[in-house]
Amino acid sequence: MSTTGNYAQVNGLNLYYETHGEGRPLILLHGGLMSGEAFGPIIPALAEKHQVILVDLQGHGRTADIDRPIDPDLMADDIAALIDHLGLDRPDLVGYSLGGGVALRTAIKYPEKVGKLVSASANIRRDAIYPDMLVQQGQVNAEAAEFMKETPMYQNYERVAPRPEDFGQLLQKLGDLMAKDYDLTEEVRGLQVPTLVMAADADMAPPSHYVEVFKLLDGGVRDGGWMGEGRPKGGHALAIVPGTTHYNLADSPLFTAITLAFLDEQAA
């Protein structure tokens, strides 16, 4: 498996990415407080038939932070700029958690640049998240940095970050992001990219939320028909992955199998 690490200058950001394998391009986006390395166990399977482009988002992994908020809309601009920088022809986007939100917003804002979308464990409304989780999210700030220094998340960050001292700043920006209200209902309703909505069966929001997202995409409203003629008109799909949580969904072999089945087998 070939691996190449590079930096792209996009929107004032020195964006780190790696390429693995060959084939139809697939951009893979990690969750908050993680980096592309978190996908390490599943990259070989994805890279068998795809050129996997593994990105470290703003302030994460090997991509240093810059003077702007951590904002999925701005990060979507980064991904669109990376697509242009690499000269890619409508790559597929696969994102998990924060990366799922970034992938979703990229497809919303730049449908002409995206092939298919897999948005995993990404909520489209803040109020869909369980109330106790919102309380926990409210405790994420710069003051939490010292407490988190014993965690694998910090240790992985410290090992590769260009400026490890920025960890508290990253926590503060993520806390600020999670405190902001959002509702992407209308934007999702207008999605023009074939989309797989994926979630754990014990995710940060109830399964009903992801069914609601699927309904916005013309899914779950009628029988699919013998020949699939009743399936969602845009080629959309839904997967609730059994036996998983928000925190281990992307580690499941089912995550990889379902993602590849959607990208490779379903007609766009």
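Nothing here was measured: the structure is a model prediction, and the numbers come from that model.

### Quick notes on the overall build of the chain
Thinking step 1. For the chain, the helix and strand inventory stands at 10 helices and 8 strands.
Thinking step 2. Whereas a compact globule of 268 residues would reach a radius of gyration of roughly 18 Å, the chain reaches 18 Å, a difference of no more than 12%.
Thinking step 3. Along the longest, intermediate and shortest principal axes, the C-alpha atoms of the chain span 60 × 45 × 30 Å.
Thinking step 4. In the chain, which comprises 268 residues, the share counted as buried stands at 54%.
Thinking step 5. Across the chain, every contact between residues at least 6 apart in sequence was considered, and the portion connecting residues at least 24 apart equals 74%.
Thinking step 6. When the 21 basic and 37 acidic side-chain charges of the chain are each reduced to a single mean position, those positions are 5 Å apart.

### Thoughts on the packing of aromatic side chains
Thinking step 1. The full count for this structure, using the stated rule, is 3 aromatic pairs.
Thinking step 2. Each ring, one from Tyr 154 and one from Phe 167, has its centre 4.9 Å from the other, and the planes form 70°; the classification is edge-to-face. One end of the pair, Tyr 154, is in helix α6 (residues 152-160); the other, Phe 167, is in helix α7 (residues 167-179), with 13 residues separating them in the sequence.
Thinking step 3. The class for Tyr 154 is buried, based on a relative accessible area of 8%.
Thinking step 4. Taking the relative accessible area as the measure of exposure, Phe 167 reaches 2% and is therefore buried.
Thinking step 5. Here Tyr 157 and Phe 167 contribute two aromatic rings whose centre-to-centre distance is 5.1 Å and whose plane-to-plane angle is 55°, an arrangement assigned as tilted. Here Tyr 157 is found in helix α6, whereas its partner Phe 167 is found in helix α7, with 10 residues between them in sequence.

### Points about the side chain of Ser 35
Thinking step 1. Along the chain, Ser 35 falls in the loop between β3 (24-29) and α1 (43-46).
Thinking step 2. Filtering out sequence-adjacent residues up to four positions away, Ser 35 remains in contact with His 30, Asp 56 and Gly 61.

### Notes on the nonpolar core
Thinking step 1. Within the largest apolar cluster, 49 residues are counted, with the highest numbers of intra-cluster contacts made by Ile 27, Val 55, Ile 79 and Val 188.
Thinking step 2. Excluding anything up to four places from it in sequence, Val 55 contacts Leu 15, Tyr 16, Tyr 17, Ile 27, Leu 28, Leu 29, His 30, Gly 36, Ile 79 and Leu 82.
Thinking step 3. Ranked by size, the runner-up nonpolar core spans 25 residues in total, among them Val 52, Ala 120, Met 198 and Ala 250.

### Examining the pairing of β3
Thinking step 1. Taken across its 6 residues, β3 has 5 buried, putting it largely inside the fold.
Thinking step 2. With 6 bridges joining them, β3 and strand β4 (residues 50-56) adopt parallel strand pairing. Across the sheet, residue Arg 24 finds its bridge partner in β4, namely His 50.
Thinking step 3. With 4 bridges connecting them, β3 and strand β5 (residues 92-96) associate as parallel partners. When the bridges of β5 are listed, Leu 26 appears paired with Asp 92.

### Some details on a nonpolar patch on the surface
Thinking step 1. A cluster of nonpolar side chains, contributed by Val 211, Leu 238 and Ile 240, occupies part of the molecular surface with about 180 Å² of accessible area.
Thinking step 2. As for its placement among the helices and strands, Val 211 is situated in helix α9 (residues 207-216).

### Here we look at the pairing of strand β8 (residues 237-245)
Thinking step 1. Inspection of the sheet shows strand β7 (residues 195-202) paired to β8 by 6 bridges, in the parallel sense. The residue of β8 that forms the bridge with Ala 202 is Thr 245.
Thinking step 2. The parallel pair β7 and β8 is bridged by α9, and the resulting crossover is right-handed.

### Some words on the pattern of salt bridges
Thinking step 1. If you walk through the whole model with that rule in mind, you get 15 salt bridges.
Thinking step 2. The shortest N-O distance in the salt bridge between Glu 186 and Arg 189 comes to 2.9 Å. Remark: Arg 189 and Glu 186 occur in helix α8 (residues 185-189); sequence separation between them is 3 residues, near one turn of the helix.
Thinking step 3. You can call Glu 186 exposed: its relative accessible area is 52%.
Thinking step 4. With relative accessibility at 46%, the residue Arg 189 sits in the partly exposed group.
Thinking step 5. The shortest N-O distance in the salt bridge between Arg 222 and Asp 218 comes to 2.6 Å.
Thinking step 6. Residues joined in a network through salt bridges with shared partners are Glu 37, Arg 62 and Arg 159.

### Details of the side chain of Ser 252
Thinking step 1. Within the secondary structure, Ser 252 sits in the loop between β8 and α10 (253-265).
Thinking step 2. Only 3.0 Å separates the side chain of Ser 252 from the backbone nitrogen of Leu 254, close enough to count as a polar contact.
Thinking step 3. For Ser 252, the contacting residues outside a window of four places in its chain are Val 241 and Thr 244.

Definitions and limits used
Residues numbered from 1 in each chain as written. Predicted model: local features only at pLDDT ≥ 70, side-chain atom pairs only at ≥ 80, totals over all residues. Heavy atoms only, no water. Helix = DSSP H or I, 4+ residues; strand = E, 2+ residues; numbered from the N terminus. Rg over C-alpha atoms; globule rule 2.2 N^0.38 Å. Buried < 20%, exposed > 50% of the residue type's maximum accessible area, 1.4 Å probe, protein only. Contact = heavy atoms within 4.5 Å. Lys, Arg positive; Asp, Glu negative; His and termini not counted. Charge placed at Lys NZ, Arg CZ, Asp CG, Glu CD. Phe/Tyr/Trp six-rings, centres within 6.5 Å; stacked < 30°, edge-to-face > 60°. Core = buried A, V, L, I, M, F, W, Y, C linked by side-chain atoms within 4.5 Å. Pairing = 2+ DSSP bridges. Patch = residues over 30% accessible without salt bridge, like charges linked within 9 Å, V, L, I, M, F, W, Y side chains within 5 Å. Areas by Shrake-Rupley, 256 points an atom, 1.4 Å probe, with all protein chains shown as cover. Salt bridge = Lys/Arg side-chain N within 4 Å of Asp/Glu carboxyl O. Right-handed = clockwise from strand over helix to strand, strands pointing away. Polar contact = N/O pair within 3.5 Å; in protein donor to acceptor, adjacent residues only side chain to side chain.

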